[in-house]
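# Fold and contact review
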Amino acid sequence: MEEKVIFAPKTVKIKGGEILIRLLREEDGSQLVLEEQAQGWGTTTEKFETRLRDFADGKCIPLCAELDGKPVGYVNLYTEPSGPFSGTNWPYIVDFAVLECVRGRGVGSALMDAVEALAAEASDTVCLGVGLHSGYGAAQRMYVLRGYVPDGSGVWYEGHVLEQYVPCVNDDELVLYLSKKLK
């Protein structure tokens, strides 16, 4: 019996070199945690362990961008969306990040191209949620420039629509949901 290839690694040209887009590996988590903590992000290895468990359970495909033998970015494609997209069966992009030291070179675009191509194998639409504080500014801009559109349900907080005039905290739980037609 022939084993199905979930994702074939691919080399992509970026400004100043090439990166390898491949599946996330166990050893990537500890390296990415160190780099992200050095940037002031509160990352823990638990996040990457969860992605690998979800991959083993068939819930997601975790991709990693490698530059000069080191992981520099990642993105995950889940099969079950949340928020306003629950029940649509659209692939759901989760936890997209590129280390600040390599931003502006095309790493993020290469990761998004790869994850959107994977999503297009299953659906004509892909969706995601993006945080609203300034730490997500680069991602917000990139999603809009790539054709992602808000779903129209407004801002969500801690998994629920945030009602008008209700106070909230501008943390990672304050999210706007977007989708994009792929075909």
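Computed from a predicted structure; not experimentally measured.

## Focus on helix H3 (residues 107-120)
Helix length check: H3 (14 residues) gives 20 Å between terminal C-alpha atoms against 20 Å at 1.5 Å per residue, within 8%. Counting buried positions along H3 yields 10 of 14 residues, so the element is predominantly enclosed. Those residues of H3 not exposed but buried are Val 107, Gly 108, Ala 110, Leu 111, Met 112, Ala 114, Val 115, Glu 116, Leu 118 and Ala 119.

## Points about the nonpolar core
Ranked by size, the top nonpolar core spans 32 residues in total, and within it Ile 21, Leu 63, Ile 93, Val 107, Leu 111 and Tyr 143 carry the most contacts. Secondary structure elements with two or more residues in this core: strand E2 (17-23), strand E3 (60-67), strand E4 (70-78), strand E5 (92-98), H3, strand E6 (125-131) and helix H4 (137-145). The greatest single-element share of this core, amounting to 8 residues, is contributed by H3. Leaving out residues up to four positions away in the same chain, Ile 93 has contacts with Val 75, Asn 76, Leu 77, Met 112, Val 115, Val 126, Cys 127, Leu 128, Gly 129 and Tyr 148.

## Some points on a negative patch on the surface
A cluster of acidic residues, Glu 26, Glu 27, Glu 46 and Glu 49, forms a negative patch on the protein surface. Taken together, the elements giving at least two residues each to the negative patch come down to helix H1 (26-38) and helix H2 (45-56). Locating Glu 46 in the fold gives a position in helix H2.

Procedures and definitions
Residues numbered from 1 in each chain as written. Predicted model: local features only at pLDDT ≥ 70, side-chain atom pairs only at ≥ 80, totals over all residues. Heavy atoms only, no water. Helix = DSSP H or I, 4+ residues; strand = E, 2+ residues; numbered from the N terminus. Expected span 1.5 Å × (residues − 1). Buried < 20%, exposed > 50% of the residue type's maximum accessible area, 1.4 Å probe, protein only. Core = buried A, V, L, I, M, F, W, Y, C linked by side-chain atoms within 4.5 Å. Contact = heavy atoms within 4.5 Å. Patch = residues over 30% accessible without salt bridge, like charges linked within 9 Å, V, L, I, M, F, W, Y side chains within 5 Å. Areas by Shrake-Rupley, 256 points an atom, 1.4 Å probe, with all protein chains shown as cover. Salt bridge = Lys/Arg side-chain N within 4 Å of Asp/Glu carboxyl O. Lys, Arg positive; Asp, Glu negative; His and termini not counted. Charge placed at Lys NZ, Arg CZ, Asp CG, Glu CD.

Remember that the coordinates give geometry; whether it matters functionally is a separate question.
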